[in-house]
Amino acid sequence: MSTDQYTFTDPTAMYADIQPEAKHQPEPGLDADMTPRADLGEKTYRGTGRLTGRKALITGGDSGIGAATAIAFAREGADVVLSYLPEEEEDAARIAGLVRDEGRTVLTIPGDLRDPDYCRDLVAQAVEGLGGLDILVNNGGKQVFNEDLTTLTDEQFDDTFKTNVYAMFWITKAALPHLTPGSAIINTTSIQAYSPSDILVDYASTKATINAFTKALAQQLAPKGIRVNAVAPGPIWTPLQVSDGQPQEKIDSFGEDTPLGRMGQPAELAPAYVFLASPESSYVMGETLNVNGGMPTP
Ligand code: NAD
Ligand code: MG
């Protein structure tokens, strides 16, 4: 059974007919080439005007969790900037089209998050193109498994930290002068921040860092009326997972070890980002919202 996200449904039965397939892709992977395709909520998400007139920048907005968030934000009334790698143009163009279908403005700004100049330029272009900025979603990320620390290259360690941590710092720092009171920053962390896998030493370390960054900055910015929170997904069906985020032999049982017994879909994440972006969460700061199929977290 699939889901429309609104009908009263047994969550163990949702997406029960969906079987992940190990169809390997080179990094960063395309949503367009996944089997089966991920549910980004494109057929289902219903907006209720919760982000009317808001201006959002989403990194990794071309696919997976960021794309589901972009669709939801547009349907809630926000204009959106999508950041992604140039080789992901196909995915980004589809999501941009879906945003445009809602009558919202969309800007696509490809580039490499490991490059501080791109990060700063991204913010400048977003502010210019949208006429301001009041939602920042730091979501782009790199996850490549490695079984033995002695073979974890300095380059990969550096790339994972640059993409997941440094880009968040560079972009947030550049965005801050533009964020007015009421604005929201949402960082994507992971269950890996608390339950690190043996094969994700570099990745898990970045996600723990993101949690600490979020909680520290939330206190610093609360007096300015800017809220900082995080979303911590569990196993979600996205291109990241089939482009060496996991060993291929683990893909067909992906998510089965969660209490819910299945992987999640990006569509199940988007409402968490909408909640944290909207004024509904005005008293929520420094929080990590876990969306992980029931795995206990601190
Ligand atoms: P995804 O592959 O759809 O999204 C990740 C995006 O990061 C890519 O689309 C790409 O645009 C961007 N990216 C990666 N390297 C980049 C670079 N050097 N420059 C510019 N952009 C770059 O996968 P996703 O799972 O939706 O990932 C989104 C976030 O969710 C990531 O931060 C990831 O760590 C986190 N997350 C995912 C899972 C999961 O199971 N899928 C679980 C926990 C956390
Ligand atoms: Mg992508």
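As shown above, the structure is provided for reference.
Read on for a plain summary of the structure. What you see is a predicted model; the values in this text were computed from it and never measured.

1. So, the pattern of salt bridges
Okay, step 1: Under the criterion given, the structure shown has 14 salt bridges.
Okay, step 2: The shortest N-O distance in the salt bridge between R37 and D31 comes to 3.4 Å.
Okay, step 3: A salt bridge links R54 to D134, with the shortest nitrogen-to-oxygen separation between them at 2.8 Å. Here the residue R54 occupies a position in the segment before β1 (55-59), and D134 occupies one in the loop between α3 (116-130) and β4 (135-138), the gap between them amounting to 80 residues.

2. Section: the pairing of β4
Okay, step 1: A two-sided burial pattern is seen for β4, the buried positions comprising I135 and V137 on one face and L136 and N138 on the other.
Okay, step 2: Both β1 and β4 contribute to a ladder of three bridges, which runs parallel. Its bridge partner lying in β4, I58 is registered against V137.
Okay, step 3: Sheet topology note: the β4/strand β5 (residues 184-188) ladder contains four bridges and is parallel. Bridge pairing in β5 places L136 opposite I185.
Okay, step 4: Since β4 and β5 lie parallel, the crossover through helix α4 (residues 154-175) that links them has a hand, and here it is right-handed.

3. A short note on the side chain of K207
Okay, step 1: Note that K207 resides in helix α5 (residues 201-221).
Okay, step 2: An unpaired buried charge is present at K207: no salt bridge exists, and D202, the closest side chain of opposite charge, is 11 Å distant.
Okay, step 3: K207 has contacts with N164, T188, T189, S190 and A193, leaving out every residue within four places of it along the chain.

4. Describing α5
Okay, step 1: Between its first and last C-alpha, α5 extends 30 Å over 21 residues, near the 30 Å set by a 1.5 Å rise per residue.
Okay, step 2: Those residues of α5 lying buried are D202, Y203, A204, T206, K207, I210, N211, T214, L217, A218 and L221.
Okay, step 3: Buried positions along α5 lie against α4, β5, β6 (227-233) and β7 (288-291).

5. Some words on the packing of α4 against α5
Okay, step 1: Two elements in contact, α4 and α5, have axes whose closest approach is 9 Å; the angle formed by their N-to-C orientations is 15°. One finds that α4 runs roughly parallel with respect to α5. Along this stretch, α4 crosses α5, giving a crossing that reads as right-handed. Of the residues in α5, those in contact with Q156, F157, T160, F161, N164, V165, M168, F169 and T172 of α4 are D202, Y203, S205, T206, K207, T209, I210, F213 and L217.

6. With respect to the coordination of the magnesium ion (ligand 2)
Okay, step 1: Coordination of the magnesium ion (ligand 2) by the protein is provided by D62 (OD), S63 (OG) and E88 (OE), with metal-donor distances spanning 2.1 to 2.2 Å.
Okay, step 2: A residue is classified by how much of its surface remains accessible, and D62, at 3% relative accessible area, is buried.
Okay, step 3: We classify S63 as buried; its relative accessible area is 11%.

7. A closer look at the pairing of β6
Okay, step 1: Of all seven residues making up β6, seven are buried, and the element is well covered by its neighbours.
Okay, step 2: Taking every second residue as pointing to the same face, both faces of β6 are buried, with R227, N229, V231 and P233 on one and V228, A230 and A232 on the other.
Okay, step 3: Handedness of the crossover is the feature at issue here: the chain leaves β5, passes through α5, returns alongside β6, and the resulting connection is right-handed.
Okay, step 4: Pairing between β6 and β7: four bridges, direction parallel. When the bridges of β7 are listed, P233 appears paired with V291.

Reading the values: rules and limits
Residues numbered from 1 in each chain as written. Chains lettered and ligands numbered in written order. Predicted model: local features only at pLDDT ≥ 70, side-chain atom pairs only at ≥ 80, totals over all residues. Heavy atoms only, no water. Salt bridge = Lys/Arg side-chain N within 4 Å of Asp/Glu carboxyl O. Helix = DSSP H or I, 4+ residues; strand = E, 2+ residues; numbered from the N terminus. Buried < 20%, exposed > 50% of the residue type's maximum accessible area, 1.4 Å probe, protein only. Pairing = 2+ DSSP bridges. Right-handed = clockwise from strand over helix to strand, strands pointing away. Lys, Arg positive; Asp, Glu negative; His and termini not counted. Contact = heavy atoms within 4.5 Å. Expected span 1.5 Å × (residues − 1). Axes fitted to C-alpha atoms, helices over the stretch in contact; angles between N-to-C directions. Parallel < 35°, antiparallel > 145°, perpendicular 65-115°, else oblique. Left-handed = near helix turned anticlockwise from the far one by under 90°. Donors = N, O, S within 2.8 Å, 3.2 Å for Na, K, Ca; no water.

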